Amino acid sequence: MSNEDQRPHEDREGRLERQFTQAAHDPFDSRHHGAIHVPLYQNSLFAFETYAAFEDAFKDLMQNHVYSRGNNPTVAALEQKLAALEGAEAAKCFASGMGAISAAVMGAVGQGDHVVCVDQAYGPTRELLSVYLKRFGVETTFIDGRLLDNWREAARPNTKLFYLESPTTMRFELQDLRACAALARSIGARTIIDNTWATPMYQNPLALGVDLVVHSITKYIAGHSDCVGGVIMGSRELVDAIGNQEYMLLGSIMTPQTAALVAKGLRTLPLRMERHEASGLTVAEHVRSLPFVRRVNHPGLPSHPQHELGRVQMAGYSSLFSFMTNRPPAVMKEWANRLRYFKIGVSWGGFESLVTVNQAGKTPEDGSIVRLYIGLESPQDLIADIGQAAESLGLNDPAAGGADETPKHESA
Ligand SMILES: *Cc1c(COP(=O)(O)O)cnc(C)c1O
């Protein structure tokens, strides 16, 4: 088979159109008097007409409504929609992305087990593995996930989990999802991927053989910077097992109010992602042309070293990317201060553009890595904003120490 034949999203347009309907449409439900949104079930518990029905419901706490730490109808309606968009059999929503990630990971490992994790994974995920779960006898090897051989070489007889995040959300490095999933399967390990960056619109790892997908709902899925949430998606068997154990026992549940907010945001996910994708690419292309920028890390740019892999395993691109500059962090932080539309702050996925600045290497002289999140504003306004802040600091002036000789594709 050629790469072209293996593309999961060869029917990109048809698939994205279907997602518009899945996000906008709810089937008519006579239980809700024709209410156009699933009502907010503000209940801790659900009562039963007979004791027999009560006892019956206990046989499956994930499917029946008994207690809202297990299953709430407002949350369940959101879970169904998310599962449809991701192409999953089942979904379980959590209080946060980290709630979902810690439950998914803890559901996969026990004392004496070993995990292989991509070294650029979300910071708290790495801490969960390297510090927290280490206390319980779980060992983790962190690897550069771009090379399949690294996964193969890190695997041990007691490896129970490959933890992926593709693309990573600072340097935007990819893993070959199909190959990693096949390798894990061959050694009897589970695969979990953090799919937050691509959203269910632009990457469906379950179709490539990955066992479980996690998202921080806080980002694009909720989309309005107004709530925190997370979700695990996969087979009914795996999701229910986590529901019955980590969800019920650790209690990191999504509340019905949050589910109602997320459900509202989800209606426009396809619409927002189209805009984010186009604006993100427009701004990234522009940033690439700036004299003080060494390299832009955006998998949608043909200059990205893994652009072809991204083209094969993703249907599109979201709008968080970074660039490398030889200017020290102090200078780029002053540049960030002078931006008018980009706000300084963590997180991303909302309507508003954001910026953060980090040191790129061991010393300030190694330059900076600047992460930009492109919101829903006009990309032309954002480009002008980047320009005016750079101009006011003399960053556009090559004579004042502009672009250096560093190649656009450093290896790390
Ligand atoms: C934000 C984020 C998380 C954690 O999600 P929370 O909702 O903040 O707990 C996990 N992974 C990635 C890639 C994120 O950006």
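Residues numbered from 1 in each chain as written. Predicted model: local features only at pLDDT ≥ 70, side-chain atom pairs only at ≥ 80, totals over all residues. Heavy atoms only, no water.

Caption draft 1: Inspection of the pattern of salt bridges at higher detail. Taken as a whole and assessed by the stated rule, the structure comprises 14 salt bridges. Asp-149 is the salt-bridge partner of Arg-152, the closest N and O atoms lying 2.6 Å from each other. Note that Arg-152 and Asp-149 are positioned in helix α7 (residues 148-154) at a spacing of three residues, about one turn of the helix. A relative accessible area of 41% places Asp-149 in the partly exposed class. A salt bridge links Arg-338 to Glu-334; the nearest nitrogen and oxygen atoms lie 2.8 Å apart. Of this pair, Arg-338 and Glu-334 both sit in helix α14 (residues 329-338), four residues apart, which is roughly one turn of that helix. Taking relative accessible area as the criterion, Glu-334 reaches 28% and is therefore assigned partly exposed. (Salt bridge = Lys/Arg side-chain N within 4 Å of Asp/Glu carboxyl O. Helix = DSSP H or I, 4+ residues; strand = E, 2+ residues; numbered from the N terminus. Buried < 20%, exposed > 50% of the residue type's maximum accessible area, 1.4 Å probe, protein only.)

Caption draft 2: Representation of the confidence of the model for the protein chain within the structure. When pLDDT is averaged along the protein chain, the result is 94; 94% of the residues meet or exceed 70. Counting interchain partners and residues more than four positions distant, the pLDDT-below-50 stretch residues 1-6 has four contacts. (pLDDT = per-residue confidence, 0-100. Contact = heavy atoms within 4.5 Å.)

Caption draft 3: Spotlight on the site of the ligand. The immediate surroundings of the ligand are formed by 15 residues, with Gly-97, Met-98, Asp-194, Thr-218 and Lys-219 found nearest. Here an oxygen atom of the ligand and a side-chain polar atom of Lys-219 are 2.6 Å apart. Summarising the interface, the protein chains cover 90% of the accessible area of the ligand, which totals 370 Å² for the free molecule. No other element matches the three residues that helix α5 (residues 97-106) contributes to the shell around the ligand. (Near = heavy atom within 4 Å. Polar contact = N/O pair within 3.5 Å; in protein donor to acceptor, adjacent residues only side chain to side chain. Areas by Shrake-Rupley, 256 points an atom, 1.4 Å probe, with all protein chains shown as cover.)

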